[in-house]
Amino acid sequence: MFLLSLLPILLPVLAGGLLMLWKPRQRVRQVFVMSAVLLTSALICAAVAETDRLGPASTACTVVQFGRNMSLSLRIDRASMVFGMIIAVLWPITTLYAFEYMKHETNKTRFFGFFLMSYGVVCGIAFAEDFLTLYIFYEMLTLATLPLVMHEMDQKARYAGRKYFIYSFSGAAAVFILLIFLMRYGTTLNFVYGGVLDMAKAAGQESSLLTVFLVAFFGFGVKAAVFPVHSWLPDAAVAPTPVTALLHAVAVVKSGAFAIMRLIYFGFGTDFLFGTYAQTVAMAAAAVTIVFGSARAVRAQHFKRRLAYSTISNLSYIVLGFAIMTPAGLCAGLAHMVYHAVLKITLFFCAGAVMYKTGREYVYEMYGLAWKMPVVFATFTVSALGLMGIPPLGGFVGKWNIAVSAAALGTAAGYACAAALIVSAILTVLYLIPVSIGSVWRQDTLPYDEDHAPADPNANMCLPLLVLTVGGVALSLASPWLISVLSGVAAGM
Amino acid sequence: MLPFYHYIPSVCILLCLLSAILLAAVRNGRAAFAAGIGLAAVTAVLSGVLLFMLMPAEESFTFVMGHFPAPFGNELKAGPLQALLTMCFSLVVGLSLLGGWADLKHDVQPDKLSLYFVMTSLTLAALYVLTYTNDMFTGYVFIEISTLSACALVMAKDRGPTLVATLRYLFLSLLGSGLFLIGVVLLYSVTGHLLMKQVGQQIIVLRSTGRFGLQLAFIIGLFTAGLGVKSAMFPFHRWLPDAHSSTTTASSAILSGTVIKGTVILLIILFCRVFTLGMVNALHIDDVVFALGIMGMIFGSISAIRERQSKRMLAWSSIAQMGYIFTGIGLGTRAGIAAACFHILVHATSKSMLFCCVGRLSAVNGHRKMLKEMQGTARHDILAGIGFTLGALSMIGIPLLAGFASKLYLATSTMDSASKTAATLFALALSTVLNALYYIPAIVTVWAYPEDALIGRAPRDSAFTVSAAVSIAVVILLGVAYAPVMHIIEVGLSLL
Amino acid sequence: MLLLPLIFSAAGGACAFLIPKERPRNACVMGALILTFLSAAALCAADLPPLRLLSIGGGIELTLFLDGVARFFALLVSGVWMVVGPYAFPYIRHEGRPRRFFGFYMLTLASLMGLCLSGNAVTFYMFYELMTLLSIPLVLHSGAETAIYASLKYLGYSVLGASMALFGLFILASYGGAAGFAPGGILDASRTAGHEEMLVRVWLLMSLGFGCKAGMVPLQAWLPTAHPAAPSPASAVLSGLITKAGVLGILRVTYFVFGPEMLRGTSAQHILLGLALLTVLTGSMLAYKERPFKRRLAFSTVSQVSYALFGLFLLTPGGVLGALLQVFFHAVAKNVLFLAAGAMIFRTGRVNAEDYQGIGREMPVTTWCFAISALSLIGIPPTGGYFSKWYLATSAMESCGALGMLGAAILLLSALLTAGYLLPVVARGFFPGRDYVPRKQEVGPAMCAPMVILAAAAALCGLISGPLAGPVAAIAASVF
């Protein structure tokens, strides 16, 4: 068990480092990277399966013991399993896509090296047992993904990278404060469902603890792109598409949301937070982000930036679900985490495929392309329908559950949040459907040369697109099963 | 007959002084280098042995120098904390010399090389005395010796800017030690003693009379200011960037890593042993130090952001890091001082490693020190690149590295002082980000692909390799196994 | 079994996309239309239990079920859709891109079938959104800038309306509102106690949302833009049937989710009645002013559908009866009007309503069908429209006091206006004046037959109203 939790983290990190030192040629490199990714995914699945089999008998694994009650330890609980499975499934698919996409790029060794290392680090975040471990991997995530954001090394990439690390380090500095307070006012730093606050020590300090909660909320919220600390994400859209898709639509931002979940349910505990002004602030921030993200997405003409703003908005659906602070809200937030990951990665891959084949980046350059790139735009449309929340597709399941649990609170804040979701749903249609419509019904009038002729990309890209779309639909149809699993998580297993 | 380890402190000091004298006669630079390294190694081992002997029993002892017992003679006070600190200093000096040896050969005139090592021996001696001394005036004497040797270290690379820097350093240092001397004199006139223990007892008596409050405050203020000048406490820091950056690598490392720490340790000893923390709190000296520490933390980093030359950037970073130490002291609690001591260890090891790596990286490109001229140099010497990266990340406070542990301790220790908690935490958070703002671009620069062709590979430097490897190991070790180290510090503080 | 109408129409849509040659494709499509109608008719006779399609996580079930209302709407929609089919074949052959048109034509029918047979509010919402998305290509068909603009406006408004309804659903979910449809309401009485005021406001919101599709003020602005932009067969079904989806939505929500007891006499009801009447009046007035023919008919739709909404908001059996009859007769009549307008534009190329001098001589069949339907729409006995409007007016006066009287008055005024904007076309068509040269240019039988059938239905169902009114009255009563 010890090894099974540790290896999925250690293996990709070491593999990434080895890759960067060794610098093999393309073929060998591709085989190496894919094997490392697949092996890690297999290990994660094995770890999850083993934990499931052991049930309550599964143990934590202490990697490094720093002091009396400070350690870097790993423990797989149900929430870890959910997050772990998401990345285990999505990473290999992205790797395949990345092989094709990075063909025209330089510095591939560095790219894949840090790509592998990020895998290990995200897995560390998923498997962390306590806040210190989470914090350590959180900092590492910024460091591991920074070279990926700055990959192009041109002016825009450097600016994006700078913004990214400033925001991320500020967020992490806020989380550091959380650590200190938990060490003082908590019984332990471990994740315990229901919270770890020592009520005896915390009595009388509620207002400062609530302040610390909000500080940590926005600290983790940097990675989760909560307004107003979201603005690194649209700029990071200049990174190569596999990075924006996987990392900034799935791994990094979901890590932020995951960490917020840990903060609320396993750190302070909903008993302490429910009904306080801090909860209202958190819900309000999420609601504002939901509307803000969608509104900016409608205005954005750059395709990937539009999707980046969409990510900001959708992440806050998840954060809202968590901020509702009921088991229903937790379950709903996790559901949307799963569905959004699959849907958004597909959308980004479509945008990336268009950019890769034709070099076109703006929405108004997509007119008429559906006839020449049918696979890309068909998968785009299906996933867009999912994201818009057309039942019975996945996006609806998440949104419905979040909105219903918000409305079920019965307070004005709850209704306002449900209204925000509705506004965002409308805006989502407005920023996604016109792309599909334009790609079919409008004419492609842009000139292009041979290298940039629009056509469907090869199997390395199309296969991931199809697998993800079909998988997304299948997962939507299996939503009762997923919801029951997540309800188990929400019940504290 | 005293147990053998009681002799260790004095033996170390005498060894340092002796080697200083002997090395003056040596002509061969290489031999002097070997002797310098050997001295550092021997003293490090001896201090380690002392620590090992003192820790289990948790004892400290007073060693009488000469044959005159107190209150007339000279005394040393040794405890686990002092042993740890001196061991660290020896290690750092040794590693700095190893790491900067190539640059020394490049910067210093060959016939003056052995004199350099005379100065390092003297510096080491001064550090030992400042840590172990139990006598105020001895402290003053060795402060002066340390000033002079440090100036010599700065001057080793005699170019124009270096000379200017040295002079400025000299003037300000003399000002500082002058203030210290006045303080000693005043203290002597009020208490009639020079040995710390006796002085302390007298002060307690004086306090109880309630009449000497102002004088004592003034004296403490003099000590703080005097030692603060030497340790680059805000606002007395202006000399540091020029001095530490214009000189050769080994000097920068030794100065930033150890010399500015020695006087801080003396200040800590004064606060704990002579004046007692309670009094310092009551007179609000700690608040002043706290405020100055915070300002140093912030302004040091802000100025570092503006720097384009790598060593000046590191020098400003040193000012900021000293701010951490002063903040810890300024908390006025045992825990805060313990955190400050831990940070002394952290900064000594990390900053010396940083300077050595920067020296090596710039050597790859013809000794050019501007950051953009160092683009891509890490690819030619991977170990230097890794060392620089880890050192920089440690300064930022990334977990698993030394700097994180000291941040952690500093933050947890503020939780006891309610009024200073918010300011400290906020300053720590801000400082982390500010540090990242200049370290991360530097890391990116050294690893990025160079735009113009570099001058080329510098020849292999095995001394540097050894130094870098050991430093990296120490920084990681301090980051992971910090609990035992902190325990030693806490025990040592209680026995101070 | 319940799925059959959907399966047939979806299969027809797939065929339309896949078969390249015209004749086999048209045959398939027609076959699918007929099968859909027949299966809908079979459902009317049969008595089937509800069918669970899919469970969605979170305790939602997508179900189909069959009750009087479902039967009525399913039969009406599939019937008219089938009749319009043959008209569309030659029309679209002329317009171009037939595969796309018929594909989405059939798929829209499938979604409408699903809508009619929906068993609970969430299923209804799903088919509602699908219907919007699938009918957008119909509006977009010509690919012109105006069509694209019109379709985006349609999309925007529809999504806004549907989202308002969804918001209401979010709130109702905690009170049991997503569980199904039952006459008298499905909300869990124990949970709703004490929250009535808020729930009534939710009802108002949902009605406004569904009312968007039905063209009710304040969300009606898309309709006059979108309906004319589509090709005429599509305009016909948009105006005639897809707007009824909104009516069905309001019907289901008001009577089968909330239940009229909860809503009667509230200020929300009065607001909605007022809005319906306002729509009736302004729709007619604006139609009177419009010169482009299809826009005139679109405004007419806005006005006429709100007659049905008015009836629904009265919350009495008589009102529901009037509404259902209005739905039927308006569907039939408006389809004819649009088909006729389409034929006229198709043949003569003239777009404005004044330009149809002598069209009665040129296209007699078309113009006669137009005339009969116009009479039905105005409400002149013995054509069908008279009955629906009669029931509406009488129920209004019976139930609602002052507002009812006002309602009846407005209905009358609107009838006058309707005459004002429809009859002149007929008049000029048959009596063109002295200097005029007729050219016979009637449209082919494929296009004539549907118009004739529907016009005949409008007339006959008015003359022999018994067989229609009986079952519909039963359905109306079953709603309570």
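Residues numbered from 1 in each chain as written. Chains lettered and ligands numbered in written order. Predicted model: local features only at pLDDT ≥ 70, side-chain atom pairs only at ≥ 80, totals over all residues.

Colleague: Describe the overall build of chain A, naming the residues involved and giving the relevant values.
Modeller: On a plain count of helices and strands, chain A comes out with 19 helices and 2 strands. Dimensions along the principal axes, computed over C-alpha positions, put chain A at roughly 70 × 55 × 45 Å. Classification of the 493 residues of chain A by burial places 64% in the buried group. Looking at chain A alone, contacts between residues at least 24 apart form 81% of all its contacts between residues at least 6 apart. (Helix = DSSP H or I, 4+ residues; strand = E, 2+ residues; numbered from the N terminus. Buried ≥ 20, exposed ≤ 12 C-beta atoms within 10 Å, placed from the backbone. Contact = placed C-beta atoms within 7 Å.)

Colleague: Please provide a residue-by-residue account of the overall build of chain C, values included.
Modeller: Summing up its helical and strand segments, chain C has 20 helices and 2 strands in all. Relative to its length of 480 residues, chain C is compact, with a C-alpha radius of gyration of 21 Å against a globular reference of 23 Å. Expressed along its principal axes, the backbone C-alpha trace of chain C runs to roughly 75 × 55 × 45 Å. Put simply, of all contacts in chain C between residues at least 6 apart along the chain, 80% involve residues at least 24 apart. (Rg over C-alpha atoms; globule rule 2.2 N^0.38 Å.)

Colleague: How would you explain the interface of chain A and chain C if you had to name every residue and give the values?
Modeller: With 27 residues of chain A at the contact, the number on the chain C side is 28 residues. Among the elements of the structure, helix H16 (394-408), helix H17 (412-441) and helix H19 (479-490) of chain A are those that each provide at least two residues to the side of chain A that touches chain C. Ranked by residues supplied to the side of chain A that touches chain C, first place goes to H17 of chain A with 11 residues. Residue composition of the side of chain A that touches chain C, by class: 25 nonpolar, 2 polar and no charged. (Nonpolar A, V, L, I, M, F, W, Y, C, P; charged D, E, K, R; others polar.)

Colleague: Can you lay out the confidence of the model for chain C for me, pointing to particular residues and giving the numbers?
Modeller: Residue and element names in this part refer to chain C. In this model, chain C carries a mean pLDDT of 85, and residues with pLDDT of at least 70 account for 98%. Averaged pLDDT values over the elements of chain C bottom out at 75 in helix H15 (residues 359-362) and peak at 91 in helix H5 (residues 121-140). What the predictor reports for the complex is a pTM of 0.89 with an ipTM of 0.88. (pLDDT = per-residue confidence, 0-100.)

Colleague: Explain the arrangement of the chains to me, and be specific about the residues and the numbers.
Modeller: Considering every one of the 2 pairs of chains in contact, the largest contact total is recorded for chains A and C. When C-alpha atoms are compared, chain B and chain C, though not in contact, are closest at a spacing of 41 Å.

Colleague: Can you explain the interface of chain A and chain B? Please cite residues and give values.
Modeller: With 20 residues of chain A at the interface, the matching set in chain B holds 18 residues. Counting residues per element, the side of chain A that touches chain B draws most heavily on helix H6 (residues 155-185) of chain A, which supplies 11 residues.

Colleague: Explain the environment of Thr-377 of chain B residue by residue, including any values.
Modeller: Residues and elements named next belong to chain B. Within the element layout of this structure, Thr-377 appears in the loop between helix H14 (334-364) and helix H15 (382-396). Residue class for Thr-377 comes out buried when judged on the 28 C-beta atoms lying within 10 Å of it. Here the alpha-carbon distance between Thr-377 and Ala-217, two residues 160 residues apart in the chain, equals 52 Å.

Colleague: Hey, could you go over the confidence of the model for chain A for me, with residue numbers and the actual values?
Modeller: Detailed reading of the predicted coordinates is not advisable wherever pLDDT falls low. With 100% of its residues at a pLDDT of 70 or more, chain A has an overall mean of 89. Taken element by element, chain A is modelled with least confidence in helix H7 (residues 199-202) of chain A, mean pLDDT 80, and with most confidence in helix H12 (residues 277-299) of chain A, mean pLDDT 94.

Colleague: How would you summarise the pairing of strand E2 (residues 60-64) of chain C if you had to cite specific residues and measurements?
Modeller: Residue and element names in this part refer to chain C. Burial analysis of E2 places 4 of its 5 residues in the buried class, the great majority of the element. Judged from the 5 bridges that link them, strand E1 (residues 51-56) and E2 form a sheet pairing that is antiparallel. By the bridge assignment for E2, Arg-52 is matched with Thr-63. (Pairing = 2+ DSSP bridges.)

Colleague: Now, about the nonpolar core: what can you tell me, with residues and values included?
Modeller: Core analysis: the biggest nonpolar cluster contains 598 residues, and Leu-320 of chain A together with Val-336 of chain C have the highest contact counts within it. Take this core: its biggest share by element is 21 residues, from helix H14 (residues 327-358) of chain A. Excluding residues that lie within four positions of it along the chain, Leu-320 of chain A makes contacts with Met-283, Ala-286, Ala-287, Ile-290, Ile-402, Ala-406 and Cys-417 of chain A. (Core = buried A, V, L, I, M, F, W, Y, C linked by C-beta atoms within 7 Å.)

Colleague: Quick rundown of helix H18 (residues 459-477) of chain A? Include the residues and the values.
Modeller: All names here are of chain A. The end-to-end C-alpha distance of H18, which contains 19 residues, comes to 26 Å, matching closely the 27 Å that a straight helix rising 1.5 Å per residue would cover. For H18, every residue scored as buried is listed here: Met-461, Pro-464, Leu-465, Leu-468, Thr-469, Gly-472, Leu-475 and Ser-476. Down the axis of H18, the sector holding all buried residues measures 135°, keeping them to one side. More than 90 degrees from the buried face of H18, the exposed residues found are Ala-459, Val-470 and Ala-474. Along its buried surface, H18 packs onto helix H3 (78-101), H14, helix H15 (374-388), H16 and H19. (Expected span 1.5 Å × (residues − 1). Arc of directions from axis to C-beta.)

Colleague: How would you summarise the pairing of strand E2 (residues 71-74) of chain A if you had to cite specific residues and measurements?
Modeller: Residues and elements named next belong to chain A. Pairing between strand E1 (residues 61-65) and E2: 4 bridges, direction antiparallel. Each residue of the ladder has a partner; that of Gln-65, found in E2, is Ser-71. In this structure, the hairpin formed by E1 and E2 is closed by a connection of 5 residues.

Colleague: Tell me about the packing of helix H4 (residues 98-116) of chain C against helix H10 (residues 232-258) of chain C, and name the residues and values.
Modeller: If you want to describe how two helices pack, look at the angle between their axes and the distance between the axes. All names here are of chain C. Across the interface, H4 lies against H10 with an axial gap of 11 Å and an inter-helix angle of 25°. Accordingly, the angle class assigned to the pair H4 and H10 is roughly parallel. Classified by chirality, the crossing of H10 by H4 is left-handed. From H4, Leu-112, Leu-115 and Cys-116 reach across to H10, where they touch Leu-241, Ala-245 and Leu-248. Class assignment for the residues of the contact of H4 with H10 results in 6 nonpolar, no polar and no charged. (Axes fitted to C-alpha atoms, helices over the stretch in contact; angles between N-to-C directions. Parallel < 35°, antiparallel > 145°, perpendicular 65-115°, else oblique. Left-handed = near helix turned anticlockwise from the far one by under 90°.)

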